[in-house]
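A look at the structure
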Amino acid sequence: MLNAQHDFRGGLALAGNKLYGEQAATCAAPLPRHLWIPLHQHQGPPAVPCVQPGQHVLRGDLIAKASTSASVAVHASSSGWVRAIESRDLDQGRSVDCILLETDQQDQARDEALGPCYTDPDATAAETIIERIAAAGIVGLGGASFPSATKLRAGVDRPTLEHIILNGAECEPYISCDGASMLEDAAAIIRGGQWLLAASGAQRLSIAIEDHHQAAIDSVNQALKRSADARIQLVQVPSRYPQGGERQLIQSLTGLEVPLDGLPLDLGLAMFNVATAVAVKQALEESQPLTERIVTVTGTAIAQPRNWRVRLGTPISELIAASGGLTHPDPAPRLLMGGAMMGVVLPDKDVPVSKGFNCLLVGPPSDIQPAAASRACIRCGDCVEVCPAGLLPQQLYWHSQAREFQAAAKLHLDACIECGACAVVCPSEIPLVQYYRYAKAELANAAVERRKAEHAKARYAAREKRLQREHAEREAARQRKQAALLQAEQTAAAKPADATSAAVAAALAKARAQQAKAKQALPPAVKAAQERARRQREHNSGSDN
Amino acid sequence: MRIAGPWIRPRRRVPQVMLAVILALLPGVLVSVALQGPGILFQLVYCCIGALGAEAGILRLRGRDLSSQLGDYSALLTGVLLGLCLPPWLPWWQALLAGSLATAVGKQLFGGLGQNPFNPAMVGYVMVLVSLPASLALWPADTTTAWNLPWAYWLGLGELHEVDAWTGATPLDAMRNGLRAQLTVTEVTADLSTDFAWLLAVAWGLGGVWLWRRGLIQWRIPIAVLAGVALPALIAQAVDADRFASAGFHLLHGATIFGAIFIATDPVSASTTPRGRLIYGFGIGLLTWVIRSFGDYPDGFAFAVMLLNMLVPVIDAHTVPRVYGQEHRS
Ligand code: SF4
Ligand code: SF4
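Residues numbered from 1 in each chain as written. Chains lettered and ligands numbered in written order. Predicted model: local features only at pLDDT ≥ 70, side-chain atom pairs only at ≥ 80, totals over all residues. Heavy atoms only, no water.

With that settled, consider the sheet that holds strand S13 (residues 269–273) of chain A. Residues and elements named next belong to chain A. Judged by pairing direction, the sheet is parallel, and its five strands sit side by side in the order S1-S12-S11-S10-S13 without closing on themselves. Looking at strand neighbours, the two that pair on one side only are strand S1 (2–3) and S13, the edges of this open sheet. As judged from the two bridges shared by S1 and strand S12 (residues 232–237), these two strands associate in the parallel manner. In the sheet register, Leu2 faces S12, and the bridge partner there is Val235. Sitting on the sheet, helix H4 (residues 186–200) is in contact with strand S10 (163–168), strand S11 (204–210), S12 and S13, with an inclination near 150° to S10. Sheet contacts for helix H5 (residues 214–227): S11 and S12; angle to S12, the most-contacted strand, approximately 165°. (Pairing = 2+ DSSP bridges. Helix = DSSP H or I, 4+ residues; strand = E, 2+ residues; numbered from the N terminus. Contact = heavy atoms within 4.5 Å. Axes fitted to C-alpha atoms, helices over the stretch in contact; angles between N-to-C directions.)

Residues and elements named next belong to chain A. Confidence along chain A averages 88 in pLDDT terms, with 88% of residues attaining 70 or more. Mean pLDDT in chain A bottoms out at helix H16 (residues 524–544), which sits at 60, and peaks at helix H7 (residues 274–285), which reaches 97. Note that pLDDT drops below 50 for residues 541–545; the model gives that stretch zero contacts with residues more than four away or on any other chain. (pLDDT = per-residue confidence, 0-100.)

Let us now look at the interface of chain A and chain B. Each partner contributes residues to the interface: chain A has 60 residues there, and chain B has 39 residues. In terms of surface lost to chain B, no three residues of chain A exceed A:Arg375, A:Ile378 and A:Arg379, which account for 16% of the buried area on that side. Put simply, chain A and chain B have five salt bridges between them. The closest approach of N and O atoms between A:Glu429 and B:Arg13, which form a salt bridge, is 3.6 Å. Seen at the junction of chain A and chain B, the total is 18 residue pairs in polar contact (both at pLDDT 80 or more). At the level of secondary structure, the elements contributing two or more residues to the side of chain A that touches chain B comprise helix H6 (246–254), strand S16 (334–337), helix H9 (365–368), helix H10 (382–386), helix H11 (393–401), helix H13 (421–425) and helix H14 (432–494) of chain A. Of the residues that constitute the side of chain A that touches chain B, the class distribution is 34 nonpolar, 15 polar and 11 charged. (Buried area = accessible area lost by both parts, 1.4 Å probe. Salt bridge = Lys/Arg side-chain N within 4 Å of Asp/Glu carboxyl O. Polar contact = N/O pair within 3.5 Å; in protein donor to acceptor, adjacent residues only side chain to side chain. Nonpolar A, V, L, I, M, F, W, Y, C, P; charged D, E, K, R; others polar.)

Under the definition given, this model contains 11 aromatic pairs over all chains. Seen in terms of ring centroids, A:Tyr397 and A:Tyr435 are 5.0 Å apart; in terms of plane orientation they differ by 75°. Their pairing is edge-to-face. Here A:Tyr397 is found in helix H11, whereas its partner A:Tyr435 is found in helix H14, with 38 residues between them in sequence. Exposure remark for A:Tyr397: the relative accessible area of 6% places this residue in the buried category. Taking the centre distance of 6.0 Å and the plane angle of 70° together, the rings of B:Trp204 and B:Phe262 count as edge-to-face. Here the residue B:Trp204 occupies a position in helix H13 (residues 197–213), and B:Phe262 occupies one in helix H16 (residues 256–263), the gap between them amounting to 58 residues. Judged by relative accessible area, B:Trp204 falls into the buried class, the value being 5%. Over the aromatic face of A:Phe272 sits the side chain of A:Lys151, whose NZ or CZ is 5.0 Å from the ring centroid. It is A:Arg306 that lies over the ring of A:Trp308; its NZ or CZ is 4.9 Å from the centre. (Phe/Tyr/Trp six-rings, centres within 6.5 Å; stacked < 30°, edge-to-face > 60°. Buried < 20%, exposed > 50% of the residue type's maximum accessible area, 1.4 Å probe, protein only. Lys NZ or Arg CZ within 6 Å of the ring centre and 35° of its normal.)

The environment of ligand 2 is formed by 13 residues, the closest being A:Cys387, A:Cys416, A:Cys419, A:Gly420 and A:Cys422. Counted by class, the shell around ligand 2 contains 11 nonpolar, one polar and one charged residues. (Near = heavy atom within 4 Å.)

Glancing now at the environment of A:Ala322. With respect to the helices and strands, the residue A:Ala322 is situated in helix H8 (residues 316–322). Leaving out residues up to four positions away in the same chain, A:Ala322 has contacts with A:Pro30 and A:Trp308.

Here we come to the packing of helix H1 (residues 14–24) of chain B against helix H5 (residues 74–85) of chain B. All names here are of chain B. Remark: H1 packs on H5, axes separated minimally by 9 Å, with the N-to-C direction vectors making an angle of 20°. Of the possible angle classes, the one that applies to H1 and H5 is roughly parallel. Relative to H5, the crossing made by H1 is left-handed. For the pair H1 and H5, the contacting residues are Met18, Val21 and Ile22 in the first and Ser74, Leu76 and Leu77 in the second. (Parallel < 35°, antiparallel > 145°, perpendicular 65-115°, else oblique. Left-handed = near helix turned anticlockwise from the far one by under 90°.)

With that settled, the discussion passes to a nonpolar patch on the surface. Residues and elements named next belong to chain B. Together, Phe196, Trp198, Leu199, Val202, Leu206 and Leu252 line one region of the surface with nonpolar side chains, adding up to about 550 Å² of accessible area. Considering every element that reaches the nonpolar patch, the biggest residue donor is H13, with four residues. Structurally, Trp198 is set in helix H13. (Patch = residues over 30% accessible without salt bridge, like charges linked within 9 Å, V, L, I, M, F, W, Y side chains within 5 Å. Areas by Shrake-Rupley, 256 points an atom, 1.4 Å probe, with all protein chains shown as cover.)

Here's what the structure looks like:
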């Protein structure tokens, strides 16, 4: 076991608040009558359903296919009948199509749902492993839900990927699902890590755990000893928020900073959550897709806070009921997905658990929500001290508030990881992160508008060019014709002896004579009309001046 | 409605911060009273009444909510800080005036809390200093006289008679006048035998350490101010020990410690970047020493703070920290 040799900037110590501790074992949450399995529970485009209402499926059956290489598959979380495809609110303003599965309560699993089981990482081709991970619908279970196979593929394309980090440094107070994973599935985490090493060709794997988490450290350490894999090491990192942030953890472990607009891969690194490693192991060795995850159900309004092993698609109302219901009489407790720092508000208790759902935090509004009224910024700079991104949060706030988005962008608003460290120390209780999100959205909008305007401009320029070209072509054609005509006349004049030329010249002369005669032969009425028209034109142009 | 996290209450809010700073002033206030008599307590009261009154009046004129803004205790803190800067024998109405100018001109004129480019207490102090310079010399000659003024005077009911016999020069005054009269530093210091200024400096320092330990002020500005005073003083002392007061003398006298901890750290008007704060603090210290050594005012702290306040936008703009992942500047 090692201690982290480096440290990240800023950050702050937060009270642990792991209400449900790491004591009781994680239990399977009761299987509900209905599961709403979202088609979009990952970054990238939604999956496309491939089942019909009425169809009976087993646990592990594919019910929606990945739509692109950046999308992931979705599988039935239990056995039962597909009833409908309905839309549900997942979080603020994000409505997502879900497959409604009526469970038959038999919970039958499909054997070898993904094909044959594998046993030896080193005897399996990297591409086979990655394909299996993709087929299992695995995404990062830390909350960001990035498709794991996509991450690995990007790594394979770059021969430099050499170090994989398993993130067991829980970022947030209240969340303990990764802790539960490390306590109960330590061997599977290491096994999953070995599969990831084989898939990526990396030579080194670090499992990072916060130093206050002694039980998890012991558990992983023992499993590590049993595995006797010299490529894998356990690294203890200080418990300081946001230690579990990808960039902060990388800095703690390696002392390196991920370039501002780069990826960990640029440093030869890839990071996976510890629970993701467990899912990888299950996909390869048990041929089971991702159909459940551990969810921490906690908060002061929950009677018996604890960790549950939850089937994807389970409505949170079921989890609340399983956890002893609410202790708080408030009819509308605040429901948050994620922890107290970065969690997002959920619209109601119908929200189903999706792959990135790590923690349900429930509390009376008075407890969880800070006082609504914020005071003026007193420029105390506390926010500057804690910002792990090295930003000047108060200046970003001033600019965002004044709608000076470009100024905020110049101060690297885009480097803000929205960790909320600044907002939690702000003595004026300014919802800083909210301002940053707003400013980021405005900047993104502006970028879209700019692109549109550029397109329009480019189109206009192209059209102008085309018109000019056509004009030039017509002009050139006309000149060519004129030149040809002129040459013809000249040749005719120069070579009267030539019979054909003479004939041509004679014909031309005749035609001209006829034209002249026709002009003279115009009836007087027509001539008068022509004259009137000419005068009229002159008059018009005169009055214009 | 709040839609983004964090969903945890901050550990301290503005009112608590302001109250804690006021609390940290307590040891210093007690020592001041012991050394300079009860006058200082009256000044505190007058300044606070002035500061709160002016703030309330303007808030009402601007149609703002009184309770939340008065309730942040920032005006109270301004009053207290100002009261501690004024001589204990200043006539009551001047203290009242200084207090009201501090919040009215120093703060509300710029748009209220968070908007003021200058430290409000220093604005009040400097306005009185410039318009009523004689009054600012009303320091008691010694501890005995400090307690001997009739209470009627402090209550604003009586006049101050025989001023010259009662008041005395502050050590900084004495030093400046002495040096101008071609005395050496040693000679002047010998005259200041009953000088208990260090006691006061220690008391302020205690409050400062407490604030720092509780994370209510950061070390950068105070340390930089002290360095800004001490460094040039040390150099000058090395060059000509007879004509320049020692670094120790500068640190222990006048507003140095008090100002470094309680005035320069006013967040609103100070620089906000980590490196900027070092520059800002050092600038204040340096200017203070320059004004004391070469200027017309015995203690230049207030002017130094206000001058550096003016430079804050420039300092901030040039000290933006390196962002995570940004190329190291070479
Ligand atoms: S912590 Fe809040 S009050 Fe202090 S500078 Fe930052 S935004 Fe302003
Ligand atoms: S939310 Fe952004 S600005 Fe605030 S501390 Fe985190 S990274 Fe810094």
